[in-house]
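So the chains spell out like this:
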Amino acid sequence: MPDGPKTEVIPRVRRPRRDDADLTGTLSVLEGPDVGAFYVLQRDVSFTMGRSEDCEGSFPHTSVSRRHAVLDILFKDERLRARLRDLGSTNGVRVNRRPADEHWLASGDKLRLGRVLLRFEWMNEEEVAYHKRLAESHRVAQRDPLSGLYTRAFLDDRLPKLIIEADEEFRPLSCILLDLDRFKAINDEFGHLIGDGVIRRVARVAWQTLRRADFAIRYGGEEMLFILPDVNLEGALEIAEQLRESVARDPFSELDAAVRVTASLGVSERGTGESAKRWIGRTDQALYDAKRGGRNRVVQAPHYLGDLPDPDSTGDDLAKETVRDVGVVSVEDEGERAVGEIHSSGPMDTVDTDLP
């Protein structure tokens, strides 16, 4: 009678552990204001994380303390280790969802500092080089190649998260929509190379004026959208006026002695429960009112009155409207539509029907 099936025990072959000398500690940003960023940690050099610009890992978010936590790569018990310590932060540090004042990290651990989520990993030289290339590709994909501002794709990805955060934490969220006045005439008179130079300079003015926590997006053509977390309407109006003044006095003459550039801006604070489409639409209407009112001025959008459908539109029609049409919030008073309040203005231009 033949023997039955045999069970053969194959001895487990231990994979040699990679030499510590070949490993490097790294951090990848999974959630927060700088998603996709990649940090390579140096041995025997403390990597401080916080909201302050002085931190090696600087995350401009109000949920992060100025100096939130520190991560050290050092040798312990003859092995390379990574030690994370809370620096007395307001919102604390969590590792793999558990509170941690001090923790020795393992590869793959997830760290949360307020609204910022990071992943720690040990990597070899080839892995570090690959992730550096990946992070750079991600950064480039988020930026408009002409202006250096974020793209509409970035806005579509980031804005819903900003709205959720604002609602959960009862924090204000405002936006500014900027459009260059008579930009088509600049292109026609001086050429598109000068026009491109104007867009680049205005984008630079924006980066110099805005806070690190703000988001600047090339919204389309010569339009730029600025999202301002934790800024109420009054603060947004001040920032918008700074932008208007800075554009008006910037020396565009180095592009061409005859170039003169001004901008019109619409401003609004998002209302409680307001959709992103309605909110940006209100801001777009305020920008239109700034153009119609003479250009080179800042106009505050009408206050949010709730997502009520236009009495002349059905629900299906409303869903098909453009952003500009959806953004109109009308208040009828003796047969005239109330427009946004003009917060500030430059010299009056002759009002015409051509509003670019």
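Structure's up top.
What counts as what
- Residues numbered from 1 in each chain as written.
- Predicted model: local features only at pLDDT ≥ 70, side-chain atom pairs only at ≥ 80, totals over all residues.
- Heavy atoms only, no water.
- Helix = DSSP H or I, 4+ residues; strand = E, 2+ residues; numbered from the N terminus.
- Buried < 20%, exposed > 50% of the residue type's maximum accessible area, 1.4 Å probe, protein only.
- Contact = heavy atoms within 4.5 Å.
- Core = buried A, V, L, I, M, F, W, Y, C linked by side-chain atoms within 4.5 Å.
- Pairing = 2+ DSSP bridges.
- Axes fitted to C-alpha atoms, helices over the stretch in contact; angles between N-to-C directions.
- Expected span 1.5 Å × (residues − 1).
- Phe/Tyr/Trp six-rings, centres within 6.5 Å; stacked < 30°, edge-to-face > 60°.
- Lys NZ or Arg CZ within 6 Å of the ring centre and 35° of its normal.
- Polar contact = N/O pair within 3.5 Å; in protein donor to acceptor, adjacent residues only side chain to side chain.
- 1 Å grid on protein atoms, 1.4 Å probe; cavity = no way out; pocket = protein on both sides within 12 Å on 5 of 7 lines; lining within 4 Å.
- Points joined across faces, edges and corners; volume = space filled by probe spheres on them.
- Nonpolar A, V, L, I, M, F, W, Y, C, P; charged D, E, K, R; others polar.

A. Summary view of the side chain of Thr-209. Relative to the helices and strands, Thr-209 is located in helix α4 (residues 192-209). Residue Thr-209 is classed as buried on the basis of its relative accessible area, which comes to 19%. Thr-209 has contacts with Ile-239, Gln-242, Leu-243 and Ser-246, leaving out every residue within four places of it along the chain.

B. A look at the environment of Leu-113. Checked against the element boundaries, Leu-113 lands in strand β10 (residues 110-113). Sequence separation between Leu-113 and Arg-94 is 19 residues; the distance between their C-alpha atoms is 6.9 Å. Look past the residues within four positions of Leu-113 in its chain and what remains in contact with it is Met-49, Phe-59, Ser-63, Val-64, His-68, Ala-69, Gly-92, Val-93 and Leu-118.

C. Main features of the nonpolar core. Formed by 34 residues in total, the largest nonpolar core has its most connected members in Ile-176, Leu-180 and Phe-226. Those elements giving two or more residues to this core turn out to be β12 (173-180), α3 (183-190), α4, β14 (223-229), α5 (233-249) and β15 (263-269). Residue contacts for Phe-226: discarding those within four places in its chain leaves Ser-174, Cys-175, Ile-176, Leu-178, Ala-206, Leu-210, Phe-215, Ala-216 and Leu-243. Counting residues in hydrophobic clusters, the runner-up holds 26 residues, among them Leu-23, Leu-41, Phe-47 and Val-95.

D. Geometry of the sheet that holds strand β11 (residues 116-123). Pairing in this open sheet of six strands is antiparallel, and the strands run β2-β1-β11-β10-β7-β8 from one edge to the other. Of all the strands in the sheet, the pair left with one neighbour each is β2 (38-40) and β8 (98-99). For strand β7 (residues 93-95) and β10, the ladder comprises three bridges, and the chain directions are antiparallel. Its bridge partner being in β10, Val-93 is matched across the sheet by Leu-113. Of the strands in this sheet, β1 (24-31), β2 and β11 touch helix α1 (residues 125-142), which is tilted by about 145° from β2.

E. Expanded view of α4. With 18 residues, α4 extends 26 Å between its outermost C-alpha atoms, agreeing within 8% with the 26 Å of an ideal straight helix rising 1.5 Å per residue. Turning to α4, its buried residues are Ile-194, Gly-195, Gly-197, Val-198, Ile-199, Arg-201, Val-202, Ala-203, Val-205, Ala-206 and Thr-209. In the core, the buried residues of α4 are packed alongside β12, α3, β13 (215-220), β14 and α5.

F. Examining the environment of His-61 more closely. Structurally, His-61 is set in the loop between β4 (57-58) and β5 (69-76). A relative accessible area of 9% places His-61 in the buried class. Separated by 169 residues in the primary sequence, His-61 and Asp-230 place their C-alpha atoms 9.4 Å from one another. The contacts of His-61, once residues within four sequence positions are left out, are Pro-33, Arg-51, Arg-115 and Glu-165.

G. Region of interest: the packing of aromatic side chains. The final tally for this structure, using the stated rule, is seven aromatic pairs. Pairing Tyr-150 with Phe-154 gives two aromatic rings, centres 3.8 Å apart and planes at 10°, and the pair type is stacked. Looking at Phe-154, the relative accessible area reads 8%, which means it is buried. Where Tyr-150 meets Phe-215, the ring centres are 6.2 Å apart and the plane angle is 45°; that geometry is what we call tilted. Taken as a pair, Tyr-150 in the loop between α1 and α2 (152-169) and Phe-215 in strand β13 lie far apart in primary sequence, 65 residues in all. Neither Tyr-150 nor Phe-215 differs from the other in exposure class; each is buried. Taken together, the ring pairs connect Tyr-150, Phe-154, Trp-207 and Phe-215 into an aromatic cluster. The ring of Phe-252 carries the charged tip of Arg-201 above its face, separated from the ring centre by 5.7 Å.

H. Representation of the side chain of Ser-147. Along the polypeptide, Ser-147 turns up in the loop between α1 and α2. Side-chain polar atoms of Ser-147 contact the side chain of Asp-144, separated by 2.7 Å. Looking at Ser-147, its side chain comes within polar contact range of the main-chain nitrogen of Leu-149, at 3.1 Å.

I. Quick peek at empty space enclosed by the protein. Summed over the entire model, instances satisfying the criterion amount to two cavities of 30 Å³ or more. Within this model, the largest cavity holds a volume of roughly 50 Å³. Forming the walls of the largest cavity are Pro-33, Asp-34, Val-35, Gln-142, Tyr-150, Phe-154, Asp-157 and Arg-158. The element that contributes the greatest number of residues to the lining of the largest cavity is α2, accounting for three residues. A class-by-class count of the residues in the lining of the largest cavity yields four nonpolar, one polar and three charged. Computed from the structure, the second largest cavity encloses a volume of approximately 30 Å³.

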